[in-house]
Amino acid sequence: MASSNGLSVAIAVLLGCASHVGYVGAASGREPTPGYPEAVIQWGVQRGETCDDIAKVLYGSSSHVGLIQRYNRVACGPGATLAEGLTLVLPAEVTSIPDAKIRSMRPDVRARPAGGAWSPATPGMPLLANSSVNTLDEGRADIEFVDRTRVLLAPNTLVVIHGTASRTRVSKTPPAAVELSDGEVKAALAALRGQTVDVTSGGGRVSASSRDTVVQRRGERTTVAVFDGKADVTSGGLSVVVPKDHGTRFVGRAPPARPRPLPPRPEWTSAEVATIALAPAGLGVLSASWKPAPQAAGYRIEVARDPELNDLVVREEVKPDVVSFRAEKMPAGAYFLRVRVIDREEYLGVGAVRRFHLVAARAAGGVAPSAGEITANPYGIVELTPSPALELAIDGGPFGPVPERVDLLQRAPRELRLRERGGAASGAVMSLPVRYTTVGAAIQASRAADGAALEARVELEGLEGIDVAQRVAPRLIAHLPGGVRSAALAGGGRGGALTARIPLPPEATRPGEPLRVRLDVADGRGGVLGTREVDLPAAEAASPGATAPAPPALPVLGAYLPMLPVSAVADVLWLGPTPPAVVAAGAAASRAGDGWVAAGQVRASGAIGPLGLDVALRSNPAGGGEAAGSAGWLGARLRVVRLGRSAFELSPTLRLGVPLSDAGPPARVEPGVALGGAAGRLTWVVNAGARIRAADGEGSAAGDGSAAGGAGGGELVAPPAQGFLVAGGTADAAPWLRLHGALDLHLVHRDGGANDVLGALSAGAEAGGALFGALSVRVSPWRGAGEGPVTAQIAVGLREAPP
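Residues numbered from 1 in each chain as written. Predicted model: local features only at pLDDT ≥ 70, side-chain atom pairs only at ≥ 80, totals over all residues. Heavy atoms only, no water.

(A) Structural context of the overall build of the chain. Of the regular secondary structure elements, the chain holds four helices and 55 strands. Within the chain, counting contacts between residues at least 6 apart in sequence, those at least 24 apart form 57% of the total. Summing over all exposed atoms, the chain offers an accessible surface of approximately 36400 Å²; the carbon and sulfur share of this is 57%. (Helix = DSSP H or I, 4+ residues; strand = E, 2+ residues; numbered from the N terminus. Contact = heavy atoms within 4.5 Å. Areas by Shrake-Rupley, 256 points an atom, 1.4 Å probe, with all protein chains shown as cover.)

(B) Seen up close, the pairing of strand 51 (residues 721-734). Sheet topology note: the strand 50 (residues 682-693)/strand 51 ladder contains eleven bridges and is antiparallel. When the bridges of strand 51 are listed, Trp-684 appears paired with Gly-729. Across 13 bridges, the pairing between strand 51 and strand 52 (residues 737-749) is antiparallel. Bridging across to strand 52, Ala-731 finds its partner in Leu-739. (Pairing = 2+ DSSP bridges.)

(C) Local environment of the pattern of salt bridges. Under the criterion given, the structure shown has 43 salt bridges. Arg-340 is the partner of Asp-212 in a salt bridge, and the nearest nitrogen-oxygen pair spans 3.2 Å. One end of the pair, Asp-212, is in the loop between strand 13 (204-209) and strand 14 (213-218); the other, Arg-340, is in strand 25 (residues 333-343), with 128 residues separating them in the sequence. Classification of Arg-340 by relative accessible area gives buried; the value is 2%. One salt bridge in this structure joins Arg-691 and Asp-571, with 2.5 Å as the shortest N-O distance. Of this pair, Arg-691 sits in strand 50 while Asp-571 sits in the loop between strand 41 (528-536) and strand 42 (582-592), placing them 120 residues apart in sequence. (Salt bridge = Lys/Arg side-chain N within 4 Å of Asp/Glu carboxyl O. Buried < 20%, exposed > 50% of the residue type's maximum accessible area, 1.4 Å probe, protein only.)

(D) Local environment of the sheet that holds strand 37 (residues 483-488). Spatial strand order, 37-36-40-41: four strands in an open sheet with antiparallel pairing. Every other strand in the sheet has two partners, leaving strand 37 and strand 41 as the edge strands with one partner each. The sheet shows a mean angle of 20° between the axes of neighbouring strands, direction not considered. Judged from the eight bridges that link them, strand 40 (residues 515-522) and strand 41 form a sheet pairing that is antiparallel. Residue Val-517 lies in a different strand from strand 41, and its bridge partner there is Val-534. (Axes fitted to C-alpha atoms, helices over the stretch in contact; angles between N-to-C directions.)

(E) Expanded view of a nonpolar patch on the surface. A contiguous nonpolar surface patch, about 530 Å² in accessible area, is contributed by Val-602, Leu-617, Leu-654, Leu-656, Val-658, Leu-660 and Val-669. Counting residues per element, the nonpolar patch draws most heavily on strand 48 (residues 648-659), which supplies three residues. Relative to the helices and strands, Val-658 resides in strand 48. (Patch = residues over 30% accessible without salt bridge, like charges linked within 9 Å, V, L, I, M, F, W, Y side chains within 5 Å.)

(F) Structural detail: the state of the cysteines. Scanning the model with the defined rule gives one disulfide in all. Sulfur-sulfur distance for the disulfide between Cys-51 and Cys-76 comes to 2.1 Å. Here the S-S torsion is close to -65°, and the disulfide linking Cys-51 with Cys-76 is therefore left-handed. In this pair, Cys-51 is assigned in helix 2 (residues 51-59) and Cys-76 in the loop between helix 2 and strand 2 (87-91), connecting sequence segments 25 residues apart. Both residues of the pair, Cys-51 and Cys-76, belong to the buried class. (Disulfide = S-S within 2.5 Å.)

(G) Spatial organisation of the packing of aromatic side chains. Applying the stated rule across the entire model yields five aromatic pairs. With centroids separated by 5.3 Å and ring planes inclined at 90°, the aromatic side chains of Tyr-36 and Tyr-71 adopt a geometry described as edge-to-face. Taken together, the positions of Tyr-36 in the loop between helix 1 (2-14) and strand 1 (40-44) and Tyr-71 in the loop between helix 2 and strand 2 put the pair 35 residues apart, joining distant regions of the chain. Pair check on accessibility: Tyr-36 and Tyr-71 agree, each one buried. Measuring from ring centre to ring centre gives 6.3 Å for Phe-648 and Trp-684, while their planes differ by 35°; the resulting arrangement is tilted. (Phe/Tyr/Trp six-rings, centres within 6.5 Å; stacked < 30°, edge-to-face > 60°.)

(H) Quick peek at the side chain of Asp-523. Among the secondary structure elements, Asp-523 is positioned in the loop between strand 40 and strand 41. For Asp-523, a relative accessible area of 5% gives the class buried. There is a polar contact of 2.7 Å between the side chain of Asp-523 and the backbone nitrogen of Gly-527. For Asp-523, the contacting residues outside a window of four places in its chain are Tyr-379, Val-472, Ala-473, Pro-474 and Leu-529. (Polar contact = N/O pair within 3.5 Å; in protein donor to acceptor, adjacent residues only side chain to side chain.)

(I) How the structure looks around the pairing of strand 22 (residues 296-304). Of all nine residues in strand 22, eight are buried, a share of seventy percent or more. Pairing of strand 22 with strand 25, which is carried by eight bridges, proceeds in the antiparallel orientation. Paired with Ala-304 across the two strands is Phe-336, which belongs to strand 25. Sheet topology places strand 22 next to strand 23 (residues 312-318); six bridges connect them, and they run antiparallel. In the sheet register, Val-303 faces strand 23, and the bridge partner there is Val-314.

(J) How the structure looks around the sheet that holds strand 29 (residues 390-394). Strands sit in the order 27-33-32-29-30 across an open sheet of five strands; the sheet is mixed. Every other strand in the sheet has two partners, leaving strand 27 (374-376) and strand 30 (400-401) as the edge strands with one partner each. Both strand 27 and strand 33 (residues 430-436) contribute to a ladder of three bridges, which runs parallel. Bridge pairing in strand 33 places Ile-374 opposite Val-434.

(K) Spotlight on the nonpolar core. The biggest cluster of nonpolar side chains holds 42 residues, and the ones touching the most others in it are Leu-286, Val-303, Phe-325, Met-330, Tyr-335, Leu-337 and Leu-384. Per element, the largest residue contribution to this core is six residues, and it comes from strand 26 (residues 352-364). Residues in contact with Met-330, not counting those within four places in the same chain, are Gly-282, Leu-283, Gly-284, Leu-286, Val-303, Val-313, Tyr-335 and Leu-358. One finds Leu-180, Val-197, Val-233 and Val-242 within the second-largest nonpolar core, a separate group that totals 31 residues. (Core = buried A, V, L, I, M, F, W, Y, C linked by side-chain atoms within 4.5 Å.)

(L) Examining the environment of His-746 more closely. With respect to the element layout, His-746 can be found in strand 52. For the pair His-746 and Ala-760, spaced 14 residues apart in sequence, the C-alpha separation works out to 9.2 Å.

(M) A look at a negative patch on the surface. Judged by side-chain charge, Asp-108, Asp-137, Glu-138 and Glu-316 come together as a negatively charged surface patch. Overall, the relative accessible area of 44% leaves Glu-316 in the partly exposed class. (Lys, Arg positive; Asp, Glu negative; His and termini not counted. Charge placed at Lys NZ, Arg CZ, Asp CG, Glu CD.)

(N) Highlighting helix 2. Along helix 2, eight of the nine residues are buried, which leaves the element largely enclosed by surrounding structure. Taken as a whole, helix 2 has its buried residues at Cys-51, Asp-52, Asp-53, Ile-54, Ala-55, Val-57, Leu-58 and Tyr-59. Trailing helix 2 by a residue or two, Gly-60 shows a phi angle of about 90°, which is positive.

Any link to function would need more than the numbers given here.
Here is the structure:
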């Protein structure tokens, strides 16, 4: 034995269990092996090895020989050798775990430990050796052993659990898993791998190498039916082998009868293998029928959630004249229906199985689907419960996974097709027609009180539960003289009517002429929901002296009175594309040279249609500093773009500057562009252009700039050329108060070839109504020689009342 044991130890070492050899009784710290409740190893049996040999090597003592039988159905008698080459699954160390557990159960199941009292059973309850489990009238139980074999108990069944690890080693026969006292059990292996499930009943024993063997005990009679694999049945000292689809029975300790064929499976009345149906509101119907079977004394009907029919939800035995089954209010999911014949000798027959798939479906915003079709609102959504076992196709499209939602508005399917996944070969497809409910619109219309518009009231029908604004997006379309006009229908809160107003063309507002108009209500895709022709009464003639209401004034872009610096370079006006109607007078003061200088000013601007005009006159300076002499500017701009209510405007500009005194700057030309826009209480304006000296003058503001201290000097000299950019915005803090700010930049080319970059920031406020006042301040961080850092301006004027 020593050599074979040494080889087994070597195998155990290679399998990662060497650390446990000779190590007994320590608490387990290893992670369980997947599929087992503890860490396990594999052991290859060598010639002549016994259970004692393996227990001594692995666990240090033959007293732990019971652990050999925990996952292996082997005989461990004294001196009994094991089959050479057998692979055993063994605990990695000495542990104590329950021999079985209640894997699942239905109500009315009780259990008791050895020598204990009965108590209600619960799923997951551990079962130790000699525990008893009893299913009552409505009870069923699924018992799983540590070796992953399973025994399923029918109603009114009593079994005793025998723990394999605690069995004595006297017998050479592996211990039975359960002892059946009364009722019915189903023995099932997790996989056929040379093992058996053993059940004792009366004086006999059933060893089933099977996934489905049913053992029934009624009084002293035990009946065995094998539907998979085979079973050895021993009683009265004799054994028989029962093959698949055969059965036997014995009474007490009498020998078993010769195996006989079981009743054949019943024949369905229809050829479908699988039935797919919708489950409206999550509840569906299972139904099937079969042909009467000869010699049938009854039928057993079972419905389960798994293909092995272990997770039963229905089990009934009916009389032979019942040949159909119907179950209502079944939750959505996959089901398996099995019907078996019970013959006159009470043998259970081979089952006929049919698959069912109930797909939960709900029509959001529409009528609930029925089992065989979908009736829904065309603007609704069909919500499905995806199933990995099924595939769906829309109309004639390809099959794919079942989606959670089918948007009827986007897809507009006429048919949904369902089949089992991979069911192309069988060709079994369930077709679900999609039928749409009717949607309509009731239209009422009249001429508005001012006669210039059509006002409509629309009530939509058949859209209960639909988000009309998002899903339908209805519009009113009016077919009018000169063309078609449309407007969105709005309102309709809490089921109320929708309304719309459409302006009428001039020819439809003439007094004395009635108007016939065709009105359509269409959805966002252009589908017509309703149409009607209405006769609008003639517009009323205007009363003598009545005038049409003036349209609301457009917003003014920019400031009414922007800063006009006392400078021959920076006196670029920041005006919008459309100048405001304003007349004003004021004065500006600035630090220039060694003192302060001030100059008066008069300004006016306005627009005639798209043409804007402006004029600005500045007086000769007064004070102790130096400044450019009196000058005047005349400007014009033509608005070429206006979007909406001045959301955007664009105008090319041209201004001409002329001297008004001998000390004034020479004539200059200023081409440019102005653009701007309004958004609520905010406006913005950008001016860009160039200023070109048209002629040389005399005095301090002309020539080579000697009065300013030489070439490249101060702001008294009008340079030959300069470019400028002025940008800023306004905000109406109140209807009578406008705040503004701007940045002006100048690229100056001076006599002598020098170039300067000048810039300043200005801010101001304008307050009042038609009579208003303005205050501005300009700060010059980037300034030329002779220009002061700060300029202030104050003015008062008259303007068109702000809108």
